[in-house]
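# Remarks on the overall topology
What follows is the residue order along each chain.
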Amino acid sequence: MSLINPADSLERQNEKLMKITQALMSRVEYGTAQSNAAYAQFERAALLEKRVRERTLELESTLELLHDSNAALAKAHTETEAARRNLADAIETVSEGFALFDPEDVLVMSNSRFCRDFRNMQAYLKPGLSFEEYVRHIAESAQLALPTEETADSWCARRIRRHKDHHVMFNVELTGDRWLQVSEHRTSNGGTVVLQTDVTDIMRMERQERARLKDKQTRMIRATLDHLNQGVCVFDENAQLVGWNQKISHLLSVPVRRLTIGASFDGLLERLGDDVRFSRGMDRVSFLRWAMAKGPKFPISFEVKRENMTLQIFGRGMPDQGFVISCTDVTAEREAAQKLYELNEILEQRVMERTLELEDALSAAERANASKSRFVAAASHDLLQPLSAAKLFISSLADNATCQNDMAVLAKAETALTGAEQIIDALLDISKLESDGLSFDIRRFALREILSPLRDEMTIHANSKGLELCIVDSNLMVESDPSYLRRIVRNLISNAIRYTPKGRVLVGVRRNGGSARIEVWDTGVGIPEEDQSAIFEEFKRLDTKASANEGLGLGLAIVERACARLGHPLGLWSEVGRGSCFMVNVPVAGEAEPALTPSNRPTRPVGLAQSGLIVLLVENDPQLRRAISILVESWGVNVIEAEDAPSALDLLSVLQISPDVLLLDYQLGPGMSGTELYCAVTDSLGRIPCAIISADRSPELRQTCKTLDIELLLKPLDRQKLAQFLDSTARAIAL
């Protein structure tokens, strides 16, 4: 390390060397004790000089950096001032008044056109002016033309509220018929630019254009009013006349000289003559009160009459608080309405008379229909009585016949009687389905309950024609009247067998959503499309050759009426030469339990002879009573006969016996019915198995038998059902 700084001047270097020399000499002269202290001081001086030199270099570097920063700052300041001058020059060239407020709503700068029309503002337009102070000075300026009924404070508050909107633009009226359009625009940093545009020329041009259009519209309105059939007059908010047409003068008989601009409504109302009469709750005072009322006016309508003229007056308010009155001559309409009213009175009287006549005719028709229904029911009952007797006699003969010829004759006779029975049943069904009092026994049941018996019954008819009948079983439960549904399906199967010369008949059930569709298919002749509606008419048979000896054409008529009354949709598909399909949709009510295998029972009750049954038979028809007795006695059963209820009760009292079974006709003539007789017998002898025999197929009788828990055997009496009833009773007694 050098003790002399080479950068020092020669004088400075010589000075330092002299001091060093003197110090060395002093150390030698003063000895060893002082030499150590002097040398230490010399070392400290040398170290201190080094540090001073380092700090000096650092200070010089800092000063250079500061000089460079001052130079850059001076340059930036110069550029900023230039940009500000350029911006000021730029906004000064803008034709509108321009002002910039920062995000705190403090004025940053403005041009000379800003608020130029407000002389008092020039002293306040300096940077730092708040937006609220700016609005306050504008509101208090003498150059601002405040709207009517508005103060400087209210205008100032409304202007401050508008300032909060994102987009602001409105017009300000100045004194001297001048206008400014003021708009505000938001900057990216949240500041506000306010522009003031002089729109005086535009407003004046628009005003002139509106005046021109108004004058043109006035002429057009005037021409339109003069061509109206109604009289019209227009009043302003002060109820003074501003427009009218010539028709109003004629209708109201007001002189034309009275219809002038500015004429008052009340003055014109007073000009109406005393012969003018108001109607519909309106009078002169109410009309005047409506016209003179301030604010919006509700529409009014009424009529006035003068001499032989009727006028309809209609009034309605306008947005400017004025109103319009129109007057229409409705004399012809009112006269026509009066004549129409009188004519209606006459027509109503005639209609009343015709209605009474129709009611009488309807009552007569209803009575005739009721008489017809009663006649059909009574006639059917009377026909079924001898028919039942004949069938039972033939059954008794058939059981004992041995000659083949005799058996063939008896079979043909039974077939003829069965045909007559079917015709009577069909007539009864048609009569019931056409009556209004028909009620159904709607309940849940398994379809197999009607399909299985029909299989046994109809297979014989199909085999007799050489046809194959296939009825596919179903496990569905449905909701319907089982009796009528069985009749519907039976008629469809019977109809299919009748019109199918060869092939097969197929009956099945398809699940169709929430319903079961029962389908009856055949390979018959088919039905032409034009005849598919006619086949459901009574006594209508398309193929008379095929049905010459079978039925009267009532089967499908019964099906159609029964389906309609039950609410079961009926469908038909048919093609000539290929066959037909009839479809009935019945509501599904679930799945049925698996069918039990039926036990085969003989149609002839073999075991009744050993049962020793005693049957009390009460039937008022002698032939039927005798036929039932012969048939039952042929089975080995003892029969006690009676004609009516009193005879039966006397017979039981005399014989002092209790029969095992009761066979009671329902209609026993005057006195007790069969069900009443059953109640009387059981009251004295206790419960006895009973079957009611009747041609009455009404739901009421079925319900009565169900309530009493007794059997119902319909006429013509079925020998198999009778045998089954007696056989089951004998078995129950044996147990």
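Residues numbered from 1 in each chain as written. Predicted model: local features only at pLDDT ≥ 70, side-chain atom pairs only at ≥ 80, totals over all residues. Heavy atoms only, no water.

Along its length, the protein carries 18 helices and 23 strands. Evaluated residue by residue, the protein yields a buried proportion of 36% over its 735 residues. Put simply, of all contacts in the protein between residues at least 6 apart along the chain, 57% involve residues at least 24 apart. Summed over all atoms, the accessible surface of the protein reaches about 43400 Å², with 54% contributed by carbon and sulfur. (Helix = DSSP H or I, 4+ residues; strand = E, 2+ residues; numbered from the N terminus. Buried < 20%, exposed > 50% of the residue type's maximum accessible area, 1.4 Å probe, protein only. Contact = heavy atoms within 4.5 Å. Areas by Shrake-Rupley, 256 points an atom, 1.4 Å probe, with all protein chains shown as cover.)

Okay, the sheet that holds strand β7 (residues 241-244) next. Here we have six strands laid out as an open sheet, ordered β7-β6-β11-β10-β9-β8, and antiparallel in their pairing. Looking at which strands have only one partner, the edges of the open sheet turn out to be β7 and β8 (277-278). Note: strand β6 (residues 231-235) against strand β11 (residues 323-329), five bridges, orientation antiparallel. Along β11, the bridge assignment pairs Val234 with Val324. (Pairing = 2+ DSSP bridges.)

Moving on: the nonpolar core. Ranked by internal contacts, the top residues of the largest apolar core, which has 36 residues, are Leu447, Leu469, Leu485, Ile488, Leu492 and Ile493. Counting residues per element, the ones that place at least two in this core are α11 (448-464), β13 (468-471), β14 (476-480), α12 (482-498), β15 (504-512), β16 (515-522), α13 (555-566) and β18 (579-591). When sequence neighbours within four positions are dropped, the list of residues in contact with Ile493 reads Leu454, Met458, Leu469, Ile471, Val507 and Val520. (Core = buried A, V, L, I, M, F, W, Y, C linked by side-chain atoms within 4.5 Å.)

Take the sheet that holds strand β22 (residues 690-694) next. In any sheet, the strands associate via hydrogen bonds between backbone groups, in a parallel or an antiparallel arrangement. Strand order in the open sheet formed by five strands is β20-β19-β21-β22-β23, and the pairing between neighbours is parallel. The sheet terminates laterally at β20 (638-642) and β23 (711-714), the two strands that pair on one side only. If you compare each strand with its neighbour and ignore which way they point, the axes differ by 20° on average. Pairing of strand β21 (residues 661-665) with β22, which is carried by four bridges, proceeds in the parallel orientation. Residue pairing across strands places Leu664 opposite Ile692, the latter belonging to β22. Sitting on the sheet, helix α18 (residues 719-734) is in contact with β19 (614-618), β21, β22 and β23, with an inclination near 150° to β21. (Axes fitted to C-alpha atoms, helices over the stretch in contact; angles between N-to-C directions.)

Our next topic: the environment of Val588. Within the secondary structure layout, Val588 lies in strand β18. Sequence-distant contacts of Val588, defined by excluding residues within four places in its chain, comprise Leu476, Met477, Val478, Arg511, Gly514, Ser515 and Ala516.

Given two aromatic rings, their pairing is described by the distance between the two centres and the angle made by the two planes. Enumeration according to the criterion identifies 14 aromatic pairs in this entry. For the pair Phe101 and Phe131, a centre-to-centre distance of 5.3 Å together with 75° between the ring planes defines the contact as edge-to-face. Here Phe101, found in strand β1 (residues 97-101), pairs with Phe131, found in helix α3 (residues 131-139); they are 30 residues apart in sequence, far enough to count as distant. Summarising the burial analysis for this pair, Phe101 and Phe131 share the class buried. An aromatic cluster is built from Phe235, Phe265, Phe278, Phe287, Trp290, Phe302 and Phe323, whose rings are joined through pairwise contacts. (Phe/Tyr/Trp six-rings, centres within 6.5 Å; stacked < 30°, edge-to-face > 60°.)

The next subject is the environment of Pro147. With respect to the helices, strands and loops of the structure, Pro147 is situated in the loop between α3 and α4 (152-163). For Pro147, a relative accessible area of 38% translates into the label partly exposed. For Pro147, the contacting residues outside a window of four places in its chain are Trp155 and Arg158.

The next point concerns the side chain of Thr729. With respect to the secondary-structure elements, Thr729 resides in helix α18. The class of Thr729 is buried, set by a relative accessible area of 6%.

Among the residues of α3, those classed as buried are Phe131, Tyr134, Val135, His137, Ile138 and Ala139. Packing partners of the buried residues in α3 comprise β1, α4, β4 (178-186) and β5 (192-198).

Here we come to the pairing of β13. Alternating positions in β13 separate cleanly, Leu469 and Ile471 being buried on one face and Glu468 and Cys470 remaining unburied on the opposite face. Judged from the four bridges that link them, β13 and β15 form a sheet pairing that is parallel. Among the inter-strand pairings, Cys470 is bridged to a residue of β15, identified as Leu506.

For the rest of this paragraph, the subject is the side chain of Thr310. Along the chain, Thr310 falls in strand β10 (residues 309-317). Setting aside chain neighbours within four positions, we find Thr310 in contact with Glu303, Val304, Lys305, Thr328, Asp329, Val330, Thr331 and Arg334.

A word on the packing of α11 against α12. Following both chains from N to C, one finds α11 and α12 inclined at 25°, their axes separated by 11 Å at the closest point. One way to sum up the angle between α11 and α12 is to call them roughly parallel. Handedness of the crossing formed by α11 with α12: right-handed. For the pair α11 and α12, the contacting residues are Ile450, Leu454, Glu457, Met458, His461 and Ala462 in the first and Pro482, Leu485, Arg486, Val489, Arg490, Ile493, Ser494 and Ile497 in the second. Residues belonging to the contact of α11 with α12 are distributed by class as follows: nine nonpolar, two polar and three charged. (Parallel < 35°, antiparallel > 145°, perpendicular 65-115°, else oblique. Left-handed = near helix turned anticlockwise from the far one by under 90°. Nonpolar A, V, L, I, M, F, W, Y, C, P; charged D, E, K, R; others polar.)

Where like charges cluster on the molecular surface, the positive patch consists of Lys50, Arg51, Arg53 and Arg55. Structurally, Arg51 is set in helix α2 (residues 32-93). (Patch = residues over 30% accessible without salt bridge, like charges linked within 9 Å, V, L, I, M, F, W, Y side chains within 5 Å. Salt bridge = Lys/Arg side-chain N within 4 Å of Asp/Glu carboxyl O. Lys, Arg positive; Asp, Glu negative; His and termini not counted. Charge placed at Lys NZ, Arg CZ, Asp CG, Glu CD.)

This next bit is on the packing of α3 against α4. Where α3 contacts α4, the axes come no closer than 9 Å and their chain directions differ by 140°. Relative to α4, the crossing made by α3 is right-handed. Of the residues in α4, those in contact with Phe131, Glu132, Val135, Arg136, Ile138 and Ala139 of α3 are Ala152, Asp153, Trp155, Cys156, Arg159, Ile160 and His163. Classifying every residue of the contact of α3 with α4 by side-chain character gives eight nonpolar, one polar and four charged.

Along helix α15 (residues 645-655), the residues that are buried comprise Ala645, Ala648 and Leu652. Buried residues along α15 cover an arc of 65° about the axis, so they all sit on one side. Contact partners of the buried residues in α15: β19, β20 and α16 (674-685). Positive backbone phi, approximately 55°, marks Gln656, located one or two places after α15. (Arc of directions from axis to C-beta.)

A grouping of Leu340, Leu343, Ile346 and Leu347 is seen on the molecular surface, where their side chains present a nonpolar patch of about 340 Å² in accessible area. For Ile346, the location among the structural elements is in helix α9 (residues 331-400).

What follows deals with the pattern of salt bridges. Counted according to the given criterion, the structure contains 19 salt bridges. Notably, a salt bridge pairs Arg178 with Asp198, separated by 2.5 Å at the nearest N-O pair. Taken together, the positions of Arg178 in strand β4 and Asp198 in strand β5 put the pair 20 residues apart, joining distant regions of the chain. Arg178 gets classed as partly exposed once you look at its relative accessible area, which sits at 29%. Via salt bridges that share partners, Asp117, Arg178 and Asp198 belong to a single interconnected network.

Keep in mind these values describe shape, not function.
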